[in-house]
Amino acid sequence: MIMVIEYNSFRVSEDESLNLYHALMACKEQKATCLRFRKDIYHFREEFAAECSLCMANHGENGFKRTAFLLEHMENFEIDGGGSHFVFDSVMNMMTVLHCRHIVLRDFTVSMRGCPYPQGQVIAADEKSFDVAFSYEKELVLRKDGLWIPFKDRRELVVSNIEFNGESHEIEVGTGDHSTGISLNALSKKKIGPNTFRFFDPPRVPLVGNRLVLMIGKRYASGLFFEDSENILLQNITIHSCMGIAVMAQCCHNLTMQKCSVSSEEGQYISAGADATHFVACTGQIVIEDCLFEHMLDDALNVHGVYVKIQRAEPGRATVKFCNLATTGIPLFKLGDQVCQMNARTLIPGSVVTVSAVRRINSEMTELTFLENETLTEGFVLENLTTYPTLYFRRCTVRNNRARGVLIATRQPCVIEDCDFHTGGSAIVLECDASFWYESGAVKDLTVRGNRFDRCRHATWGKGVIYIPSRKASVFRQYYHGKITIIENTFTSCYDDVLFADNIAELTYAGNRSNGQQLLHLCNVGQAHCQNDAQMIPLATPI
């Protein structure tokens, strides 16, 4: 039975957050199937927004979060924006979906105001100095230790900057983090006008007309956040700006994005303050089709699991630690999960056991009980083999963002097909580690087919257009990654270095085209089937 509730019938207060709270409560009480908005611009303030306690992976800012749209324990429910623009007047989670099933979000645009990413135009430069006029709602603060950005009731120290070409909006060629060669905080500087500063003696002088965007390295809020939910459809959604990850899902099952975009507003150079999309410990299928991702301060897509460290072990039981702050507190383990221990340097699978009980001690420590009476090895890491999705990334465009394109770490099949990449760093990266990020997921079956790579890695992030870095150590004839298939792609002006790959069992590289050389830098590859005009360059040392 279809039951639609019209949001505008609840639009009685000047504060849309309060109106929305009452509308969503009515939807739950009346078991409505849809909350529908009339096309308009809606402003949501933090004061009357809902609140919940969240541990959001890859944000590092756990605790109580204000969120305008809070969906909890709802099923068969849709939010139809009707082409509206939802404006969030301060930094907060825009939409939070917890413990829900069969949810559709469609047809709206969202913008978050107050994100602390001042962008400045280089208005003058010579060999020894350059001037930047920043656009920001408050005056930046210059102190001995550097530039500080006023944000809410405090100040945040600038930790890096990115330089965008003023005409093309792409990352300036040959630059990366700290585009001036060293931190802006390390340069001598003085204030010469309202939010206008002169910087002296940089190793590299930015170009007049280019834009410098300041970064603080914090992710206080996400755009659309999902946890422990399944069968999610996002359709015709545009995310113009948010402080953290635009679309973040953890421990979810089946999520589809169709005709969505993460793209800055006219005249702006930044959309999301972190990744466009990020999926942690998900299952089922992640399907992303016909989407645009641009102007983010991190990657377009990141899919991975989580390594935890075995702190204590006894027969049939182990206490494990979440070692990276960015993953503490997430519900990684469930009854029946298959988990595997491994050496943190090689990450080659060892003993596999089945979880029979989960006891969370605190946000860092979890005690696991197993069906088997085996004693695991203290100091090794543990990987949940169950929490990986199949990935389909089709007909998408990734361009003009900081860092890389897509980061893949899942044991299930992955297909990247018919996409356009124009990235400052590597377009595709297969990356895992058990020493810093603790992101898990050996890739067992990846197909990269029919894509177009245009001037990828024109900045400084990564090696090659496709980059598969090494582990800290390897085991003879045992490979971390499985089958990698790269076929029928086009590489245009990509500096010849198409592929750097290490520690994979089987590589197929066939039917690809390039307007330059196709150099494949390979190390520790079991079998390589490569087209005749590709030049394989053996590497004696890991990459």
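Structure: see above.
Basis of the calculations
- Just so you know, the residues in each chain are numbered from 1, in the order the chain's sequence is written.
- Local features in this predicted model are restricted to residues of pLDDT 70 or higher, and side-chain atom pairs are both shown and tallied only at a pLDDT of 80 or more, whereas totals for entire chains, interfaces and linings draw on every residue.
- Side-chain descriptors were evaluated using all non-hydrogen atoms of the structure, hydrogens and water having been removed beforehand.
- Numbering goes from the N terminus for both helices and strands, where a helix is a DSSP run of H or I of at least four residues and a strand is a run of E of at least two.
- The cut-offs for exposure are 20% and 50% of the maximum accessible area for each residue type, with area from a 1.4 Å probe on protein chains only; residues under the lower value are buried, those over the upper are exposed, and the others partly exposed.
- Contacts are residue-level and defined by heavy atoms, with any inter-residue pair within 4.5 Å sufficient.
- Using a 1.4 Å probe, the Shrake-Rupley method yields the accessible areas, and only the shown protein chains count as cover for residues.
- Any two rings among Phe, Tyr and Trp, with Trp reduced to its six-membered ring, count as a pair given centres within 6.5 Å; such a pair is stacked if its planes are under 30 degrees apart, edge-to-face if over 60, and tilted if neither.
- Only when the NZ atom of a Lys or the CZ atom of an Arg is both within 6 Å of the ring centre and within 35 degrees of the ring normal do we say a charge sits over the ring.
- Two strands pair under a simple rule: DSSP has to find at least two bridges between them.
- Where helices are involved, their axes are fitted lines through C-alpha atoms of the stretch in contact, as for all axes, and angles between N-to-C directions lie from 0 to 180°.

## Description of the overall build of the protein
Counting secondary structure elements, the protein contains one helix and 47 strands. Dimensions along the principal axes, computed over C-alpha positions, put the protein at roughly 65 × 65 × 45 Å. Burial statistics for the protein: of 543 residues in total, 57% are counted as buried. Once local pairs closer than 6 in sequence are excluded, the contacts in the protein between residues at least 24 apart make up 68%. When the accessible surface of the protein is summed, it comes to about 20900 Å², and 47% of that surface belongs to carbon and sulfur atoms.

## Some words on unusual backbone geometry
One non-glycine residue with positive phi stands out, namely histidine 169, at about 65 degrees. Within the fold, histidine 169 resides in the loop between strand 14 (160-164) and strand 15 (188-193). Phi at aspartate 290 takes a positive value of approximately 55 degrees, unusual for a residue other than glycine. Residue placement: aspartate 290 occurs in the loop between strand 24 (283-289) and strand 25 (292-294).

## Describing the environment of leucine 157
If you trace the backbone, leucine 157 turns up in strand 13 (residues 154-157). Taking the C-alpha atoms as reference points, leucine 157 and glycine 146, separated by eleven residues in sequence, lie 7.1 Å from one another.

## Thoughts on the packing of aromatic side chains
Here the distance between the centres and the angle between the planes together describe a pair of aromatic rings. Counted according to the given criterion, the structure contains 20 aromatic pairs. Aromatic pair phenylalanine 69 and phenylalanine 88: ring centres 6.5 Å apart, planes at 65 degrees, arrangement edge-to-face. Pair noted here: phenylalanine 69 is in strand 5 (residues 63-72) and phenylalanine 88 is in strand 6 (residues 75-88), with a separation of 19 residues, a long-range link. Of the two residues, phenylalanine 69 and phenylalanine 88, neither departs from the other in class, the shared state being buried. Summarising the aromatic geometry, the rings of phenylalanine 164 and tyrosine 269 are spaced 5.8 Å apart at their centres and angled 55 degrees between planes, so their arrangement reads as tilted. Residue phenylalanine 164 is found in strand 14, and its partner tyrosine 269 is found in the loop between strand 22 (261-262) and strand 23 (277-280); the two are separated by 105 residues along the sequence. When its relative accessible area of 0% is taken as the criterion, phenylalanine 164 is described as buried. Residue classification places tyrosine 269 among the buried positions, given a relative accessible area of 3%. Ring-pair connections join several aromatic residues into one group, and the members of that group are Tyr7, Phe37, Tyr42, Phe44, Phe69, Phe86, Phe88 and Phe108. Over the ring of tyrosine 220 we find arginine 154; its NZ or CZ atom is 4.7 Å from the centre of that ring.

## Some thoughts on the pairing of strand 19 (residues 230-239)
Sheet topology places strand 8 (residues 101-112) next to strand 19; eight bridges connect them, and they run parallel. Of the residues in strand 19, the one forming a bridge with phenylalanine 108 is isoleucine 237. Examined bridge by bridge, strand 19 and strand 21 (residues 253-258) share five bridges and lie parallel to one another. Directly across from leucine 234, in strand 21, lies its bridge partner methionine 257. Bridge analysis of strand 19 against strand 22 gives two bridges, and the strand direction is parallel. If you follow isoleucine 239 over to strand 22, its bridge partner there is valine 262.

## A closer look at the sheet that holds strand 17 (residues 211-215)
Within the open sheet, the six strands sit side by side as 14-17-9-10-16-15. Their pairing is antiparallel. Of all strands in the sheet, those with a lone pairing partner are strand 14 and strand 15, marking the two edges. Averaged over all pairs of adjacent strands, the angle between strand axes in this sheet comes to 30 degrees, irrespective of strand direction. Strand direction decides the pairing type here: strand 14 and strand 17, joined by five bridges, are antiparallel. Counterpart to serine 160 in the pairing with strand 17 is methionine 215.

## Examining the sheet that holds strand 13
The three strands are arranged 11-12-13 in an open sheet whose pairing can be described as antiparallel. For this open sheet the edge positions go to strand 11 (141-143) and strand 13, each flanked by a neighbour on one side alone. Direction aside, neighbouring strands of the sheet carry axes that sit 35 degrees apart on average.

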